[in-house]
Amino acid sequence: MSSASYPPEVSLIEVGPRDGLQNESTPLPTEDKVTLVEGLVAAGLRYVETGSFVNPRWIPQMADSADVFKKIARTSGVTYAALTPNLQGFERAMEAGASEVAVFAAASESFSQRNINCSISESIERFRTVMDAAKTEGVAVRGYVSCVLGCPYEGRISPSAVLSVSEELLTLGCYEVSLGDTIGTGTPGSMDSLLSALIPALTAGKLALHCHNSYGQALANILVGLQHGITRVDSSVAGLGGCPYATGASGNVATEDVVYMLQGLGIKTGVDLDALITVGASVCNKLGRASQSAVAKARSS
Ligand SMILES: CC(C)(COP(=O)([O-])OP(=O)([O-])OC[C@H]1O[C@@H](n2cnc3c(N)ncnc32)[C@H](O)[C@@H]1OP(=O)([O-])[O-])[C@@H](O)C(=O)NCCC(=O)NCCSC(=O)C[C@@](C)(O)CC(=O)[O-]
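Everything numeric in this text was worked out from a predicted model, so none of it was measured. The numbering scheme is per chain: residues are counted from 1 as the chain's sequence reads. Local features in this predicted model are restricted to residues whose pLDDT is 70 or higher, and side-chain atom pairs enter the listing and the counts only when it is 80 or higher, whereas totals over whole chains, interfaces and linings include all residues. With hydrogens and water set aside, each side-chain value is computed from the structure's full complement of heavy atoms.

### Thoughts on the overall build of the protein
For step 1, the next point in the chain: The number of helices and strands found in the protein is 12 helices and 8 strands.
For step 2, the next point in the chain: As a reference, a globule follows 2.2 Å times the number of residues to the power 0.38, and the radius of gyration itself is taken over C-alpha atoms. Relative to the globule expectation of 19 Å for 301 residues, the C-alpha radius of gyration of the protein, 17 Å, shows essentially globular dimensions.
For step 3, the next point in the chain: Across its three principal directions, the C-alpha atoms of the protein cover 50 × 45 × 35 Å.
For step 4, the next point in the chain: Buried residues in the protein amount to 57% of all 301 residues.
For step 5, the next point in the chain: Here the open area of atoms and residues is found with the Shrake-Rupley method and a 1.4 Å probe, where only the protein chains shown may cover a residue. Of the roughly 11,700 Å² of accessible surface on the protein, 50% is carried by carbon and sulfur atoms.
For step 6, the next point in the chain: Charge assignment: positive for Lys and Arg, negative for Asp and Glu; neither His nor the chain ends contribute. Lys charges are placed at NZ, Arg charges at CZ, Asp charges at CG and Glu charges at CD. Averaged over its 21 positive side-chain charges, the protein has a centre that lies 2 Å from the centre of its 29 negative ones. Here a helix means four or more residues in a row that DSSP labels H or I, a strand means two or more in a row labelled E, and each is numbered from the N terminus. Buried means the residue's accessible area, taken with a 1.4 Å probe over protein chains only, is under 20% of the maximum for its type, while exposed means over 50%, and partly exposed covers the values in between.

### Observations regarding the site of the ligand
For step 1, the next point in the chain: For the ligand, the set of nearby residues contains 28 residues, the closest of which are Gln22, Asn55, Asn117, Ser146 and Thr182.
For step 2, the next point in the chain: One of the side-chain N or O atoms of Asp19 is found 3.1 Å from an oxygen atom in the ligand.
For step 3, the next point in the chain: Here a polar contact is taken to be a pair of N or O atoms separated by no more than 3.5 Å, where protein atoms must pair a possible hydrogen donor with a possible acceptor and residues adjacent in sequence count only if both atoms sit in side chains. Arg92 is positioned such that a nitrogen or oxygen atom in its side chain is 2.8 Å from a nitrogen atom of the ligand.
For step 4, the next point in the chain: Alone, the ligand offers 1,100 Å² of accessible surface; in the complex the protein occludes 77% of this.
For step 5, the next point in the chain: Among the secondary structure elements, those contributing two or more residues to the shell around the ligand are α1 (16–20), α4 (87–96), α5 (109–116) and β5 (141–146).
For step 6, the next point in the chain: At 3 residues, α4 tops the list of elements feeding residues into the shell around the ligand. Nearness is defined per residue: one heavy atom within 4 Å of the molecule or strand is enough.

### Considerations on the pairing of β5
For step 1, the next point in the chain: In terms of burial, β5 is largely enclosed, as 6 of its 6 residues are buried.
For step 2, the next point in the chain: Alternating positions in β5 separate into two faces, Val141, Gly143 and Val145 on one and Arg142, Tyr144 and Ser146 on the other, with burial throughout.
For step 3, the next point in the chain: By the convention used here, strands pair only if DSSP detects at least 2 bridges between them. One ladder, built from 3 bridges, connects β5 with strand β6 (residues 177–181); its direction is parallel. By the bridge assignment, Tyr144 is partnered in β6 with Ser178.
For step 4, the next point in the chain: Between β5 and its parallel partner β6, the chain crosses via helix α7 (residues 159–172), and the hand of that crossover is right-handed. Clockwise travel from the first strand over the helix to the second, with the strands pointing away from the viewer, marks a crossover as right-handed.

### A few points about the pattern of salt bridges
For step 1, the next point in the chain: When a carboxyl oxygen of Asp or Glu lies within 4 Å of a side-chain nitrogen of Lys or Arg, that pair is called a salt bridge. In the structure shown here, the tally under the stated rule is 11 salt bridges.
For step 2, the next point in the chain: Glu125 is the partner of Arg128 in a salt bridge, and the nearest nitrogen-oxygen pair spans 3.0 Å. Placement of both Arg128 and Glu125 in helix α6 (residues 120–137) is noted, with a separation of 3 residues, approximately one turn of the helix.
For step 3, the next point in the chain: Glu125 gets classed as partly exposed once you look at its relative accessible area, which sits at 44%.
For step 4, the next point in the chain: Across the pair Glu176 and Arg232 runs a salt bridge whose closest N-O atoms are separated by 2.5 Å. Of this pair, Glu176 sits in the loop between α7 and β6 while Arg232 sits in strand β8 (residues 232–235), and the two are 56 residues apart along the sequence.
For step 5, the next point in the chain: It is possible to trace a salt-bridge network through shared partners that takes in Arg142, Glu176, Arg232 and Asp234.

### Describing the packing of α7 against helix α8 (residues 188–202)
For any two helices packed against each other, the geometry comes down to the angle between their axes and how far apart the axes lie.
For step 1, the next point in the chain: Put simply, α7 and α8 touch, their axes get as near as 10 Å, and they point 30° apart. With respect to α8, the element α7 is oriented roughly parallel. Of the two elements, α7 crosses α8, and the hand of that crossing is right-handed. Contact with α7, carried on its side by Pro159, Val162, Leu163, Ser166, Glu167 and Leu170, involves Leu194, Ala197, Leu198, Ala201 and Leu202 of α8 and no other residues of that element.
For step 2, the next point in the chain: Each residue gets one of three labels, nonpolar for Ala, Val, Leu, Ile, Met, Phe, Trp, Tyr, Cys and Pro, charged for Asp, Glu, Lys and Arg, and polar for the others, Gly among them. In the contact of α7 with α8, the residues fall into 9 nonpolar, 1 polar and 1 charged. All axes are obtained by fitting lines to C-alpha atoms, using only the stretch in contact for helices, and the reported angles, taken between N-to-C directions, cover 0 to 180 degrees. Here roughly perpendicular refers to angles of 65 to 115 degrees, roughly parallel to angles under 35, roughly antiparallel to angles over 145, and oblique to all remaining angles. By convention the crossing between two helices is left-handed if the near helix lies anticlockwise of the far one by an angle smaller than a right angle, and right-handed if it lies clockwise. The contact criterion used throughout is that any non-hydrogen atoms of two residues lie within 4.5 Å.

### Side note on the environment of Ala281
For step 1, the next point in the chain: With respect to the secondary-structure elements, Ala281 resides in helix α11 (residues 273–287).
For step 2, the next point in the chain: Each C-alpha atom of the pair Ala281 and Ser300 lies 9.3 Å from the other, and the pair is 19 residues apart in sequence.

If you want it as structure tokens, here you go:
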């Protein structure tokens, strides 16, 4: 396939400070989170999911999100987003100065119960109150759907289940839906089938991809997404991450690896790869863990 089949530009949604850090056994100190967010922005990322306003008893790693939002030096043109499961989370996010928020649903009932303690339909009702408040405040709301290519409790998930909840989120007013391969079991084949089912109904412009790399398929799955016309991709510096309610979910696809692949396709991201690798090395050093980015490992060897 020629490079002309790919978009000239892809927007990266950096989820490292939120998804990347929410599962760490020892939470990263607030100051280090602030340094991480600022480093990512300095490396060229223009959308950084900076924290989440969930129940701190459920996710203690994100308990200091308000402080992170308050302490970061902001750069104009950058979106500093937060995850908000309900109105209480939305209000906390607004008080902390989040530029936009994301609600998160699932295509699997069991995952929805374990992750946010309610059914899929109850979650949509909770999000309705968030959407109403966001409309009043003039704040954009992104939607996530987890388990689009497999669930840790239910196994295979049908594209029609993903379509149904994605449609509900878009109807509620989310400007896009990020499709989460939460446990990274998807393959280019299952991603192709899913997108072939979703895009005629929803359009590629309303979809983003959020791929975990547990089975080493994330880049291949993203490539399939690009071929379907998707131009917005979530990733996490150094491949940090994993969902606490999805056993076996390893890190998100590494931002460094996505940038390298996109550069190779001649696709612009606005990200300085060397600067990003330095940011990834620094946070890994603080966490005392190895980078999950193949590109960062190759460059440091
Ligand atoms: C959704 C809830 C809050 C429901 O939790 P709940 O216990 O059902 O909530 P509740 O409404 O019954 O309230 C119980 C207590 O929680 C408090 N509470 C309630 N809401 C909030 C809030 N916003 N902020 C702070 N506190 C809150 C509330 O005030 C109350 O406090 P108490 O009276 O007992 O002292 C809970 O289940 C929760 O926090 N879940 C978070 C799960 C989570 O963060 N998971 C990881 C993110 S999702 C993910 O990683 C997947 C994704 C997005 O990356 C995509 C992918 O890869 O698939």
